[in-house]
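Here is what each chain is made of, one letter per residue.
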Amino acid sequence: SVNRPVSDGVEVDCASNNVSSGVANTSTVDPAPVVEDFNQVRKNIYDIGNYCQSNSVRSLTNEEKISLVENVWRPQPVYKFPSSFSSFSSNHSRSFQMKWLEEFEWLAYSEEKSGSFCKYCVIFSHSKNVGKGDHQVTGALVTQAFSNLKKAKEMFRKHENCTYHKKSVLIAENTKSIVTKKTESIINQVNAQRRLDIEKNRKRLIPIIQTIRFCGRQQIAVRGHRDGGRIGLEEPEKNDGNFRSLLRYRDNSGDNDFKDN
């Protein structure tokens, strides 16, 4: 550690580097370990392997999910991936290739699990069982690290063509749109449409109530010979009553609040 300068009136034991006055030792800590610890914490947070179990993802907010996808831990170019042998009888070893992360945008490597995952399926595939009838069980790249490097690219291409992978990517895009306020959530969209329907129906009631009050004040009979069904804008062949005729008259005169009634 590096000690700060002390005044002339303070005795210093050079051997032990301790200050003998009543003032506490104001040594500072080398910032390098702090930076290293911060990077380690960041790596632990954004290592995709820490989220391959559904319980880990379920507690995340939409904002945290998008942050994880966009900032997922990525090894440095000089990172040395662990090697594995293709079989017990083979001396040929294989290791994960950095270029695969460039070729497959959805791919993420986990140092924690020593293998690769699909970041979209890990975060946005909400069930271990997928496919038609939920008969297909997710495994490597989703709930388990992929480490079969012999057929890696073949498996990667197969995965990105899976229906559940495409669905996870779509959910991620929709979630990002909601988080960035470009799109309202489904609940808000439904509620917004419901509010519009309520307001429209209330407006339609106003001319109907006004017409009923007008008929009552003028002692005009409301019901006609046929007063059921949809009110058309054209005059019917048979008289359908004063009330319906008055509504039709209002509509043809420019009152469009109840045109769809």
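Residues numbered from 1 in each chain as written. Predicted model: local features only at pLDDT ≥ 70, side-chain atom pairs only at ≥ 80, totals over all residues. Heavy atoms only, no water.

As recorded in an unreviewed UniProt entry, the protein goes by TTF-type domain-containing protein and comes from Araneus ventricosus.

**Structural notes on helix H7 (residues 163–179)**
Owing to its 3.6 residues per turn, the α-helix brings residues three or four apart onto one side. Spanning 17 residues, H7 covers 24 Å between terminal C-alpha atoms, matching the ideal 24 Å at 1.5 Å per step. Among the residues of H7, Tyr164, His165, Ser168, Ala172 and Thr175 are the ones counted as buried. One face of H7 carries all of its buried residues, which in axial projection span an arc of 100 degrees. Every exposed residue of H7 that faces more than 90 degrees away from the buried side is listed here: Thr163 and Lys167. One or two positions beyond H7, positive phi appears at Lys181, with a value near 65 degrees. (Helix = DSSP H or I, 4+ residues; strand = E, 2+ residues; numbered from the N terminus. Expected span 1.5 Å × (residues − 1). Buried < 20%, exposed > 50% of the residue type's maximum accessible area, 1.4 Å probe, protein only. Arc of directions from axis to C-beta.)

**Some thoughts on the confidence of the model for the protein**
Here the protein shows a mean pLDDT of 76. Residues at 70 or above account for 69%. This model gives residues 1–32 a pLDDT under 50, and the stretch forms 22 contacts once residues within four places in sequence are excluded. (pLDDT = per-residue confidence, 0-100. Contact = heavy atoms within 4.5 Å.)

**What about the pairing of strand S6 (residues 115–118)?**
Every regular strand shows the same layout, with side chains that alternate between the two sheet faces. The two faces of S6 match: Gly115 and Phe117 on one face and Ser116 and Cys118 on the other face are all buried. Two elements, strand S5 (residues 107–110) and S6, share four bridges in a ladder whose sense is antiparallel. By the bridge assignment for S6, Ser110 is matched with Gly115. (Pairing = 2+ DSSP bridges.)

**Quick look at unusual backbone geometry**
A positive phi angle is found at Ser114, which is not glycine, with a value near 55 degrees. On the secondary structure map, Ser114 appears in the loop between S5 and S6. The class of Ser114 is partly exposed, set by a relative accessible area of 42%. Positive phi is not limited to glycine here, since Leu141 has a value of about 80 degrees. One can find Leu141 in strand S9 (residues 139–144).

**Focus on the state of the cysteines**
Joining two cysteines, a disulfide is a covalent bond between their sulfur atoms. All chains considered together, the criterion is met by zero disulfides. Cysteine Cys118 is unpaired, with the sulfur of Cys121 as its nearest cysteine sulfur at 3.6 Å. Relative accessible area serves as the criterion here: at 0%, Cys118 is assigned to the buried category. The structure places no disulfide on Cys162, whose sulfur is separated from the nearest cysteine sulfur, that of Cys121, by 7.8 Å. (Disulfide = S-S within 2.5 Å.)

**Focus on the packing of aromatic side chains**
The tally for this structure, following the rule as stated, stands at 12 aromatic pairs. Taken together, the ring pairs in this structure connect Trp73, Tyr79, Phe81, Phe96, Trp100, Phe104, Trp106, Tyr109, Phe146 and Phe156 into an aromatic cluster. (Phe/Tyr/Trp six-rings, centres within 6.5 Å; stacked < 30°, edge-to-face > 60°.)

**As for helix H3 (residues 62–70)**
Every buried residue of H3 is accounted for by Lys65, Ile66, Leu68 and Val69. Taken end-on, H3 shows its buried residues confined to a sector of 160 degrees, consistent with a single buried face.

**Observations concerning the packing of H3 against H7**
H7 packs onto H3 with a crossing angle of 120 degrees between their chain directions and a minimal axis gap of 10 Å. Our classification of the angle between H3 and H7 gives oblique. Considering only the axes of H3 and H7, their crossing is left-handed. Contacts between H3 and H7 involve Asn62, Glu63, Ile66 and Glu70 from the former and Ala172, Thr175, Lys176 and Val179 from the latter. Within the contact of H3 with H7, the residues separate by chemical class into three nonpolar, two polar and three charged. (Axes fitted to C-alpha atoms, helices over the stretch in contact; angles between N-to-C directions. Parallel < 35°, antiparallel > 145°, perpendicular 65-115°, else oblique. Left-handed = near helix turned anticlockwise from the far one by under 90°. Nonpolar A, V, L, I, M, F, W, Y, C, P; charged D, E, K, R; others polar.)

**A look at the pattern of salt bridges**
Under the defined criterion, the tally for this structure stands at seven salt bridges. A salt bridge links Glu103 to Lys153, with the nearest nitrogen and oxygen atoms 3.2 Å apart. Taken together, the residues Glu103 in helix H4 (residues 98–103) and Lys153 in helix H6 (residues 152–160) connect sequence positions 50 residues apart. Of the residues examined, Glu103 reaches a relative accessible area of 40% and is grouped as partly exposed. Asp240 is paired through a salt bridge with Arg244; the nearest N and O atoms lie 3.3 Å apart. Note on accessibility: Asp240 and Arg244 belong to one class, buried. (Salt bridge = Lys/Arg side-chain N within 4 Å of Asp/Glu carboxyl O.)

**A short note on the environment of Phe96**
Within the secondary structure, Phe96 sits in the loop between strand S4 (93–95) and H4. In this structure, the C-alpha to C-alpha distance between Phe96 and Ala152, residues 56 residues apart in sequence, is 8.7 Å. Those residues in contact with Phe96 that lie beyond four places of it in its chain are Phe81, Leu101, Leu107, Tyr109, Ser116, Leu149 and Phe156.

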